[in-house]
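# A structural walkthrough
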Amino acid sequence: MQKILEEVVEENRPLAKRGRVASYIPALAKADPNHLGICIVDVNGDIYKIGDADVKFTIQSISKVISLMLALIDNGEKVFEKVGREGTEDPFNTLYKLDFPHIEKPVNPMINAGAIATTAQIKGDKFGRILELIRRITGNADIDYSREVYLSEKATGEKNRAIAHLMKARGIIEEDPEEILDHYFKQCSIEVTACDLAKIAVFIANGCSGLESYGKIDRKTLSRNLLAIMTIGGMYNVSGQYAAQVGVPSKSGVGGGIMAAVPGRMGIGVFSPPLDENGNSIAGCAIMKSLSDRLDLSIF
Ligand code: GLN
């Protein structure tokens, strides 16, 4: 495995040069484009890693999987009354369809609108519970959020603000939009490593087994929803292409992370900050394709 990781890094490292680190959240522009790391945790708990697998970065959109997990635990499949679970060709921060009278809810929980509508459904201290669940699944009690990225995102998050207020006007969310946004900005600013992502991924890949309580949903239905929704929307508007080429339920974030869950086999965390035009890690996607080809990971 270590040899495969070495080869995969060697082959795909040059691709990072073709991408750009996210800068629409000013604090993210400070990311080092040369960072590159991979971590694999298999269902037996064996860990393989290479490069910057222990370097921290913000989880960003990958947190949408955790907020969906909690919303499903709290509400069961009623969650889907307020957010769909279909694919989309629109980008992650799309807004316009929410103003069409015949559209009743955001298309899926992996776009920003859908994620904000999902976080709104978490009971109690939404952000606190997301952080706690990530700490519990990874076994890493030190995980916290970056105040700098949170404040930077809060100061520049006008598009997300527009999305949340429009959803309030449409009755998709009931609470104060600013309060929900605060939880959302914080959840996106949680700092993880590629190894933390691999641990969350293997938990999902292993049927979400091991939580104390599943609330309103059983663990099989929970893991099936997460895997299916990652497949149809985890890589935004190129999820279909990624499904055909890589074939592993995955979620990316503009911090440069990709979290991939290979059902029954392993979790993978990849980190490389330069992004393509869709907001996916450019070397990260190529690394996932190489790993899928060599280890025969596609579920299709
Ligand atoms: N925090 C980011 C945003 O809301 C998350 C987007 C992403 O990772 N695609 O814009």
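Residues numbered from 1 in each chain as written. Predicted model: local features only at pLDDT ≥ 70, side-chain atom pairs only at ≥ 80, totals over all residues. Heavy atoms only, no water.

## Notes on the layout of surface pockets
Empty space left among the atoms is revealed by rolling a probe the size of a water molecule over them. Filter applied, for reference: Space inside and on the surface of the protein is sampled on a 1 Å grid over the protein atoms alone, with a cavity defined as a set of points where a 1.4 Å probe fits but cannot get out and a pocket as an open set with protein on both sides within 12 Å along at least 5 of 7 lines; lining residues have an atom within 4 Å of a point. Grid points are joined across faces, edges and corners, and a volume is the space filled by probe spheres set on the points. Working definition: helices are DSSP H or I runs of at least four residues, strands are E runs of at least two. Numbering for both runs from the N terminus. Charged means Asp, Glu, Lys or Arg here, nonpolar means Ala, Val, Leu, Ile, Met, Phe, Trp, Tyr, Cys or Pro, and polar covers whatever is left, Gly included.
Computed from the structure, the largest pocket encloses a volume of approximately 270 Å³. Around the largest pocket sit 20 residues that line it, and Leu-28, Ala-31, Lys-56, Phe-57 and Thr-58 are the ones nearest its centre. When residues of the lining of the largest pocket are traced back to their parent elements, those giving at least two are β3 (57-58) and α5 (147-156). The residue makeup of the lining of the largest pocket, split by class, is 11 nonpolar, 4 polar and 5 charged.

## With respect to the sheet that holds strand β1 (residues 37-42)
Where we set the bar: We treat two strands as partners when DSSP finds at least two bridges between them. All axes are obtained by fitting lines to C-alpha atoms, using only the stretch in contact for helices, and the reported angles, taken between N-to-C directions, cover 0 to 180 degrees. Contacts between residues were defined by any pair of non-hydrogen atoms, one from each residue, lying within 4.5 Å.
Strands sit in the order β2-β1-β7-β6-β5 across an open sheet of 5 strands; the sheet is antiparallel. Whereas interior strands pair on both sides, the edge strands pair on one side only; in this sheet they are β2 (47-51) and β5 (250-252). Sheet twist, expressed as the average angle between the axes of neighbouring strands with direction ignored, equals 10 degrees. Judged from the 6 bridges that link them, strand β6 (residues 257-262) and strand β7 (residues 266-271) form a sheet pairing that is antiparallel. Its bridge partner lying in β7, Met-259 is registered against Gly-269. Sitting on the sheet, helix α8 (residues 194-205) touches β1, β2, β6 and β7, and the angle it makes with β7 is about 150 degrees. Packing of helix α11 (residues 282-295) onto the sheet brings it into contact with β1, β5, β6 and β7, and relative to β7 it is tilted by some 150 degrees.

## Description of unusual backbone geometry
Here is the rule: Between buried and exposed lies partly exposed: a residue is buried under 20% and exposed over 50% of the maximum accessible area for its type, with that area taken using a 1.4 Å probe on protein chains only.
One non-glycine residue, Cys-208, adopts positive backbone phi at about 55 degrees. Look at Cys-208 and you get buried, because its relative accessible area is 0%. Non-glycine residue Asp-296 carries a positive phi angle of around 55 degrees. Relative to the assigned elements, Asp-296 resides in the segment after α11. Note on Asp-296: relative accessible area 59%, which makes it exposed.

## Side note on the packing of helix α4 (residues 126-138) against α8
Stated precisely, the cut-off is as follows: Small angles under 35 degrees read as roughly parallel and large ones over 145 as roughly antiparallel, with 65 to 115 read as roughly perpendicular and the rest as oblique.
Look at α4 against α8: their axes get within 9 Å of each other, and the N-to-C directions meet at 85 degrees. Classified by the interaxial angle, the pair formed by α4 and α8 is roughly perpendicular. Each of Ile-134, Ile-137 and Thr-138 in α4 lies in contact with α8, whose residues at this interface are Asp-196, Lys-199, Ile-200 and Phe-203. Residues that form the contact of α4 with α8 fall into these classes: 4 nonpolar, 1 polar and 2 charged.

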